[in-house]
Amino acid sequence: MMDGNLARAQDNLSKTKKLFEEHISDYPESGLLGYYHLLCGRLFVERGEIPKAKENFDEALRISTQVVNHLPTQADALFGLAICEYLEGNKGAAREKALEAVKVNRRLLDRGYI
């Protein structure tokens, strides 16, 4: 998705969402929909649609917190929100979200995000 081929990525995500939704009906506690929203958030950041990106990162965070308690997805969603805040010029809020992400999952540091 990060190679710049946004149209193909969006088409693939639409197909992926259908597959996720089919799986979710059988396994509602799986958290896959949270991962889908994480991917959508990244896509919207690339397209410059920051409000839509934030909506998706917020939903990924909600699912990964309330449904499955999956720390890596929580951290990735928080870091996505930090990027959105930074792109909107809210550097203080971006820093807070990034620090919160690292508190949730210190492995973000290992991946070179921060």
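Provided above is the structure to which this section pertains.
Everything numeric here is computed off the predicted structure, so don't read it as measured data.

Conventions used here
Residues numbered from 1 in each chain as written. Predicted model: local features only at pLDDT ≥ 70, side-chain atom pairs only at ≥ 80, totals over all residues. Heavy atoms only, no water. Helix = DSSP H or I, 4+ residues; strand = E, 2+ residues; numbered from the N terminus. Expected span 1.5 Å × (residues − 1). Buried < 20%, exposed > 50% of the residue type's maximum accessible area, 1.4 Å probe, protein only. Contact = heavy atoms within 4.5 Å. Core = buried A, V, L, I, M, F, W, Y, C linked by side-chain atoms within 4.5 Å. Axes fitted to C-alpha atoms, helices over the stretch in contact; angles between N-to-C directions. Parallel < 35°, antiparallel > 145°, perpendicular 65-115°, else oblique. Nonpolar A, V, L, I, M, F, W, Y, C, P; charged D, E, K, R; others polar. Patch = residues over 30% accessible without salt bridge, like charges linked within 9 Å, V, L, I, M, F, W, Y side chains within 5 Å. Areas by Shrake-Rupley, 256 points an atom, 1.4 Å probe, with all protein chains shown as cover. Salt bridge = Lys/Arg side-chain N within 4 Å of Asp/Glu carboxyl O.

A.B. asks: Could you give an account of helix α4 (residues 71-87), with specific residues and numbers?
C.D. replies: Taking 1.5 Å of rise per residue, the 17 residues of α4 would be expected to cover 24 Å, and the 24 Å separating its terminal C-alpha atoms lies within 8% of that figure. Burial runs high along α4: 12 of the 17 residues are buried. For α4, every residue scored as buried is listed here: Thr73, Gln74, Ala75, Asp76, Ala77, Leu78, Phe79, Gly80, Leu81, Ala82, Cys84 and Glu85. Residues of α4 that are buried sit in contact with α2 (32-47), α3 (50-67), α5 (91-104) and α6 (107-110). Following α4 by one or two positions, Gly89 adopts a phi angle in the positive range, close to 90°.

A.B. asks: Give a description of the nonpolar core that names residues and reports values.
C.D. replies: Core analysis: the largest hydrophobic core is formed by 23 residues, its most contacted members being Leu13 and Phe57. The leading source of residues in this core is α4, at 7 residues.

A.B. asks: If you had to explain the packing of α4 against α5 to someone new, which residues and values would you point to?
C.D. replies: Packed helices, taken two at a time, are described by the angle between their axes plus the distance between the axes. For the pair α4 and α5, interaxial distance at closest approach is 8 Å and the crossing angle is 170°. Accordingly, the angle class assigned to the pair α4 and α5 is roughly antiparallel. Across from Leu71, Gln74, Ala75, Leu78, Phe79, Leu81, Ala82, Glu85 and Tyr86 in α4, the residues of α5 making contact are Lys91, Ala93, Ala94, Lys97, Ala98, Glu100, Ala101 and Val104. Looking at the contact of α4 with α5, its residues break down into 12 nonpolar, 1 polar and 4 charged.

A.B. asks: Explain a nonpolar patch on the surface to me, using residue names and the numbers behind them.
C.D. replies: On the surface, Ile83, Tyr86 and Leu87 cluster together into a nonpolar patch covering about 300 Å² of accessible area. Looking at the element boundaries, Leu87 is found in helix α4.

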